[in-house]
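Chains, contacts and geometry: an overview
For reference, the chains in residue letters:
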Amino acid sequence: MDTPPHNPSSQTKPGRVVIVSGPSGVGKTTVLKKLFAECDMPLVESISATTRPKRPGEVDGVSYRYLTDEEFQKHLANDNFLESCEVFGRGYWYGTLRGPVTTSLLEGKWILLEIDVEGAAKVLKHYPDAVTIFIHPGSLEELERRLRGRDTETEESLIRRLEVAKRELDAADTYRQIVTNVSVEQTASDICRLLQAEKN
Ligand code: 5GP
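Notes on the structure in this doc start here. Small disclaimer: the values here were computed from a predicted structure and weren't measured.

Quick look at the sheet that holds strand 4 (residues 65-66) now. What the 4 strands build is an open sheet, ordered 4-3-6-5; its pairing is mixed. Edge strands, defined here as strands with exactly one partner in the open sheet, are strand 4 and strand 5 (81-86). Note: strand 3 (residues 49-50) against strand 6 (residues 93-97), 2 bridges, orientation antiparallel. Pairing of Thr 50 across the sheet is with Tyr 94, part of strand 6.

With that out of the way, let us pick up the state of the cysteines. As enumerated under the stated definition, the model contains 1 disulfide in all. The residue that forms a disulfide with Cys 39 is Cys 192, at a sulfur-sulfur distance of 2.1 Å. Around the S-S axis, the bridge from Cys 39 to Cys 192 shows a dihedral of about 80° and counts as right-handed. Of this pair, Cys 39 sits in the loop between helix 2 (28-38) and strand 2 (43-45) while Cys 192 sits in helix 8 (residues 184-199), and the two are 153 residues apart along the sequence. The two residues Cys 39 and Cys 192 agree in class, both being buried.

Taken together, 16 residues lie near the ligand, and Ser 48, Arg 52, Tyr 64, Glu 83 and Tyr 94 sit nearest. Between an oxygen atom of the ligand and a side-chain N or O atom of Arg 55, the distance comes to 3.0 Å. Notes on the ligand: free accessible area 520 Å², of which the protein chains cover 92%. For the shell around the ligand, the secondary structure elements donating two or more residues are strand 5 and strand 6.

Scanning all chains against the criterion turns up 5 aromatic pairs. Here the aromatic rings of Tyr 64 and Tyr 66 are separated by 6.0 Å at their centres, their planes lie at 65°, and the arrangement is edge-to-face. Of the two residues examined, Tyr 64 and Tyr 66, each falls in the buried class. Site record: aromatic cluster; members linked through ring pairs are Tyr 64, Tyr 66 and Tyr 94.

Quick notes on the rules
Residues numbered from 1 in each chain as written. Predicted model: local features only at pLDDT ≥ 70, side-chain atom pairs only at ≥ 80, totals over all residues. Heavy atoms only, no water. Pairing = 2+ DSSP bridges. Helix = DSSP H or I, 4+ residues; strand = E, 2+ residues; numbered from the N terminus. Disulfide = S-S within 2.5 Å. Buried < 20%, exposed > 50% of the residue type's maximum accessible area, 1.4 Å probe, protein only. Near = heavy atom within 4 Å. Polar contact = N/O pair within 3.5 Å; in protein donor to acceptor, adjacent residues only side chain to side chain. Areas by Shrake-Rupley, 256 points an atom, 1.4 Å probe, with all protein chains shown as cover. Phe/Tyr/Trp six-rings, centres within 6.5 Å; stacked < 30°, edge-to-face > 60°.

Okay, structure coming up:
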C-alpha cells in the first residue's frame, strides 16, 4: 500500500490571529477567561510584554511579561515586536512579541491578542485576515456606571479613563465584529460562536 509523502504543512491547518479590544472597565478579562475555559476552539492567549509594574495577584509570564524600560527598548531595537505602543493615558509601554505569534500560527492555533485600538491597527497591517472583535459597553454612560460601581477609582482617574474610553469607542466601527457586553456568559458565547463561524 502506498503511504502518502510526509508533509507537515499540509496536515496542520494554519492558525488565525484574533484581536480583542474594548475600553477599560468593560469586563474584557472576565469575558476572555470564560471564553478560554469554555470555547471549543484551538485558542491560545498572547502574553504581552509591558513596562508597567505588576499589580497584586498578577503573575509574571501569565498576566504579562514584565520588562524594565531597558529590556523593552532592547526588544524594540531588535525588531522583536509585532506591535508596541505607549498605551494612551497609561504612561507605560505595551507590546506583542513576534516569536510566540508566529509559532502559534504554525501550530494551527488561534492566537488571541487583547490589545488596544492602536496596537490592533498595527497588527492588521501584518495580518489583514485577523478576526477583530470589539467588546462594547453599550454606551459611555453604561461604562461610567460600571466604573463607578467598581468603586476603585478616584474621580480624577475615572474622568481620565472615560476620556480614553471615548477615543476607543470611536474606533469600534473599524472592527469586524462589535459585541455588546450584556452578561459575561452571553458575551463569551457570542465570541465563541463568531470564531466557530469563521473556522467553518
Ligand atoms: P492594563 O494595564 O489595565 O492591563 O491594560 C491597559 C491597556 O493596555 C488595555 O487597553 C489593553 O488592551 C492594552 N494592552 C495590553 N497589552 C497590550 C499590547 O501588547 N499591545 C497593545 N497595543 N496594547 C496592549
